Amino acid sequence: MEKLRYFDHAATTRMDEEVYLSMLPYLSENYGNPSSIYSLGKLNKEAINVSRMKIANSINCKPEEIYFTSGGSESDNLCVKGIALANRRRGNHIITTKIEHHAILNTCKFLEYLGFRITYLNVDSKGFINLKELERAINRNTILISIMMANNEIGTIQNMNEISKIAKKYRVYLHSDCVQAIGNIKVDVRKLNLDAISVSGHKFYGPKGIGFAYIREGIPFMRIIDGGHQEKDKRAGTENVAGIVGIGKAIEIADKNFDKNIVKLTNLRNYYIANLVNNISDIKINGDLERRLPGNMNVCFRGVDGSILIQELDSRRICASSGSACSAGFLNPSHVLLAIGVNERLARGSLRVTFGKDNEIEDVKYLVESLIEIIKRIRKA
Ligand SMILES: *Cc1c(COP(=O)(O)O)cnc(C)c1O
């Protein structure tokens, strides 16, 4: 059987062997409840705190500012709903963008239902928001701005520095979905002056079902999972100890290999796009070529249906994505591609390839050769 070639790292990643091994004791003999006061429990409380410290070190915040959650979606919910609900007496207006992940967009819809007003900022043809439009959108009821650091579909990296200056100028809280950023961009919450961020373990070779929110000390926020006293009363539920240990190990490894990985992913991506452009006509590259996630390439092939393309690739044991994973299976074209002005027909022919640390040039070569053949065949038919 043909070897599996995986190019969908924005959807999820294979857990690192070292992460897996670090978790094993917490899936077996270290089974105590971290809230118990005997040794078997305290041991796990200690493991959680070590992981919290590793994360705080990595993103430059205090360990007390980290709240473990079940992943990126829950972190987005916690940051946006939590801050909105706790600050509703100050105002009911929130600003976000049209290209956010559905964990943000649907959270905003829920808040609209509760009476909040949401502004969804436009983006330009590369996926950047307009800073003047952001500034104009702020009014005296604005309490929160939520803008993703890097887009999961087209890889565009926003200018968080400038966005953060505007948020500070008007004293509006700033949250950023950093799920795609960790491992790809250095996230320093102090330097960027961020009030809250969301992160997910499985996007950077950690386990699924674990994530964290950073929420700056002193910012009022309400919990959204009610129950016991875990996470300083801000997120109830017995801790996912193995997951917490795993995400701590994963962020440590991501930092250690940061430079090496960026170089590798950039090389793979440049090789891919150069060979694609040289061999296949009628291609549109989506997103910006400079301010872009190193491993991301998103293109539209005119006259090609993305879902058929994915099936053809799958039959060659190649994993890639058409649009976002969440909207795959539906016929709707990606909301991100529509927002950058790609027309519906062309948007349906999109292919997102996201490289990872275990991909090699030979794998990319096979991908390009397959694409040349498949697209030639589809366009002839
Ligand atoms: C994957 C992803 C999420 C959701 O994270 P989960 O851990 O899968 O819930 C949120 N935002 C972005 C940008 C993502 O890529």
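Residues numbered from 1 in each chain as written. Predicted model: local features only at pLDDT ≥ 70, side-chain atom pairs only at ≥ 80, totals over all residues. Heavy atoms only, no water.

### Focus on the site of the ligand
Taken together, 13 residues surround the ligand, and among them S73, D177, Q180, S200 and K203 come closest. Within the contact set of the ligand, an oxygen atom lies 2.7 Å away from a side-chain nitrogen or oxygen of Q180. For the shell around the ligand, the element with the highest residue contribution is helix α3 (residues 72–86), accounting for three residues. Residues belonging to the shell around the ligand are distributed by class as follows: two nonpolar, eight polar and three charged. (Near = heavy atom within 4 Å. Polar contact = N/O pair within 3.5 Å; in protein donor to acceptor, adjacent residues only side chain to side chain. Helix = DSSP H or I, 4+ residues; strand = E, 2+ residues; numbered from the N terminus. Nonpolar A, V, L, I, M, F, W, Y, C, P; charged D, E, K, R; others polar.)

### A look at the packing of α3 against helix α4 (residues 102–113)
One way to put it is that α3 packs onto α4 with a least axis distance of 9 Å and a crossing angle of 35°. Taken as a pair, α3 and α4 cross one another with a handedness that is right-handed. Contacts between α3 and α4 pair S73, D76, N77, V80, K81 and A84 from the former with A103, I104, T107, F110 and L111 from the latter. For the contact of α3 with α4, the residue count by class is six nonpolar, three polar and two charged. (Axes fitted to C-alpha atoms, helices over the stretch in contact; angles between N-to-C directions. Left-handed = near helix turned anticlockwise from the far one by under 90°. Contact = heavy atoms within 4.5 Å.)

### Focus on the domain arrangement of the chain
Looking at the assigned domains, one finds that the chain contains domain 1 (5–13 + 257–380) and domain 2 (17–256). Between the C-alpha centres of domain 1 and domain 2 the distance comes to 27 Å. Taken residue by residue, the interface counts 31 residues in domain 1 and 37 residues in domain 2. Regarding the contact of domain 1 and domain 2, the summed buried area is about 2,900 Å², with carbon and sulfur atoms giving 54% of it. Ranking the residues of domain 1 by area buried against domain 2 places F258, R291 and L293 at the top, with a combined share of 24%. Remark: the boundary between domain 1 and domain 2 carries one salt bridge. A salt bridge links D288 to K126, with the shortest nitrogen-to-oxygen separation between them at 3.7 Å. If you look at where domain 1 meets domain 2, you find 20 residue pairs in polar contact (both at pLDDT 80 or more). (Domains from an automatic or database assignment. Buried area = accessible area lost by both parts, 1.4 Å probe. Salt bridge = Lys/Arg side-chain N within 4 Å of Asp/Glu carboxyl O.)

### So, the nonpolar core
Membership of the largest hydrophobic core comes to 62 residues, with the highest contact counts inside it found for I59, F68, I145, M149, I197 and F212. The biggest single contributor to this core is helix α7 (residues 241–256), with nine residues. Two domains each provide a minimum of three residues to this core, namely domain 1 (5–13 + 257–380) and domain 2 (17–256). Setting aside anything within four residues of it in sequence, one finds M149 in contact with T156, I157, Q158, M160, S176, D177, C178, A181, I185, V187, L192 and L194. Formed by 25 residues, the second largest nonpolar core is a distinct cluster that contains Y272, M297, F355 and V368. (Core = buried A, V, L, I, M, F, W, Y, C linked by side-chain atoms within 4.5 Å. Buried < 20%, exposed > 50% of the residue type's maximum accessible area, 1.4 Å probe, protein only.)

### Thoughts on helix α8 (residues 258–279)
Given 3.6 residues per helical turn, the α-helix brings residues three or four places apart onto the same face. Between its first and last C-alpha atoms α8 spans 32 Å; for 22 residues at 1.5 Å apiece the expected length is 32 Å, and the two agree. Where α8 is concerned, the buried positions are F258, N261, L265, L268, R269, Y272, I273 and L276. Take α8 and look down its axis: the buried residues cluster within an arc of 120°, on one side only. Structural note: α8 exposes D259, K260 and N278 on the side pointing more than 90 degrees away from its buried face. Against α7, β9 (283–286), β10 (296–301), β12 (350–354) and α12 (361–380) lie the buried residues of α8. (Expected span 1.5 Å × (residues − 1). Arc of directions from axis to C-beta.)

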